[in-house]
Amino acid sequence: MSSILIIQTGTPPADLRTQWGEQGDWFRSALEGLGLDVSVVQPHLGEALPEPEDVRGAAITGSWSMVSDREDWSERTADWIRSAMAQDLPLFGVCYGHQLMAHALGGRVDYHPGGPEVGQLPVTLSAAGLADTALAGVPQQFDVFLTHEQSVLELPAGAEVLARSAHDPHQILRYGRNALSVQFHPEFFPDLMRSCIERRRSSFEAKGADVEGLLASVSETPVSRQMLRQFCAAAAGRV
């Protein structure tokens, strides 16, 4: 039985992939040292998802696709999410994975009316987040890496908001005892975040954004990375 499944929901743009590898690589690196058996499946390439009972938990990655396009591979992954939820499988969604979980469970995902949210930015725990056992020890406010155009605009029934940012009120969601998702990227590292900002430089500058300030603000985001590590370790029975 594989410990942790990484569901990779797309291929990075060629410039990022050449410099930094695949998303699965970023997650493996983020989970390094935990002694986990990690496997990667890429449904966007036609790879079949395993049966939920054949894994201990799954993390669903970000993507350069849009959930609202409802591509066939994405909708098949949404079906898998519903099956996994029915079996109480530990799930951790990230960015596109966050949105796809919300969509699969009855929420609404679309372009954020305020535009993209990009850079190293603070998120703040709600009262529910401060009381959530999975976030024990997490400070009320902490920095995260963000790069997204779409958001969860309407929550699925029963979902609970654990954190928000100034731009997006749905930064961490809980869907059940073993299912969380985050709009931000705990698997990112500073150089990757800077690359994501640089490749959007022209569009930022056209809007009068301070690109150099965005780049200078990038450092480490250890709190969000530890959230991913703790969740996966717990799912695999390592804590």
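Residues numbered from 1 in each chain as written. Predicted model: local features only at pLDDT ≥ 70, side-chain atom pairs only at ≥ 80, totals over all residues. Heavy atoms only, no water.

Under the feature "domain: Glutamine amidotransferase" (unreviewed entry), the UniProt entry names residues 30–192. Each end of residues 30–192 is marked by a C-alpha atom, and these two atoms are 13 Å apart; helix forms 20% of the span and strand 33%. (UniProt positions renumbered as here; feature names shortened; annotations may be inferred. Helix = DSSP H or I, 4+ residues; strand = E, 2+ residues; numbered from the N terminus.)

The next thing to look at is helix α3 (residues 72–86). Helix length check: α3, at 15 residues, gives a terminal C-alpha distance of 21 Å against a target of 21 Å (1.5 Å per residue), a fit within 8%. For α3, the set of buried residues is W73, S74, T77, A78, W80, I81 and A84. In an axial view of α3, the angular spread of the buried residues amounts to 160°, which keeps them on one side of the axis. Along α3, exposed side chains directed more than 90 degrees from the buried face belong to D72 and A86. (Expected span 1.5 Å × (residues − 1). Buried < 20%, exposed > 50% of the residue type's maximum accessible area, 1.4 Å probe, protein only. Arc of directions from axis to C-beta.)

All right, on to helix α9 (residues 222–235) then. Its 14 residues give α9 an end-to-end C-alpha distance of 20 Å, which sits within 8% of 20 Å, the value for a rise of 1.5 Å per residue. Those residues of α9 lying buried are S224, M227, L228, R229, F231, C232, A233 and A235. Remark: G237 follows α9 within two positions and exhibits a positive phi of approximately 80°.

Residues F142, I172, F184 and M227 are the most contacted members of the largest nonpolar core, which totals 30 residues. Listing elements by their share of this core, those giving two or more residues are β1 (2–7), α2 (23–30), β4 (91–94), β6 (117–125), β7 (141–148), β9 (160–164), β11 (179–182) and α9. Among the elements that take part in this core, α9 stands out by supplying 5 residues, more than any other. Setting aside residues no more than four positions away along its own chain, I172 makes contact with L125, L135, F142, E160, V161, L162, A163, S181, V182, F184 and M227. Membership of the second largest hydrophobic core comes to 25 residues, among which are A58, I60, V67 and A159. (Core = buried A, V, L, I, M, F, W, Y, C linked by side-chain atoms within 4.5 Å. Contact = heavy atoms within 4.5 Å.)

Summed over all chains, the structure comprises 6 aromatic pairs. Arranged with centres 5.8 Å apart and planes meeting at 85°, the rings of W26 and F188 form a pair that is edge-to-face. Of this pair, W26 sits in helix α2 while F188 sits in the loop between β11 and α6 (190–198), placing them 162 residues apart in sequence. Residue classification places F188 among the buried residues on the basis of a relative accessible area of 3%. (Phe/Tyr/Trp six-rings, centres within 6.5 Å; stacked < 30°, edge-to-face > 60°.)

Looking now at the pattern of salt bridges. Taken as a whole, this structure holds 10 salt bridges when the rule is applied. When the shortest N-O distance is used, the salt bridge between R199 and D15 registers 3.1 Å. Placement of R199 in the loop between α6 and α7 (201–206) and of D15 in helix α1 (residues 14–20) is noted, with a sequence separation of 184 residues between them. E212 is the partner of R201 in a salt bridge, and the nearest nitrogen-oxygen pair spans 2.8 Å. Taken as a pair, R201 in helix α7 and E212 in helix α8 (residues 211–216) lie far apart in primary sequence, 11 residues in all. Ionic contacts of the salt-bridge type, sharing partners, join the residues E198, R201, E205 and E212 into one network. (Salt bridge = Lys/Arg side-chain N within 4 Å of Asp/Glu carboxyl O.)

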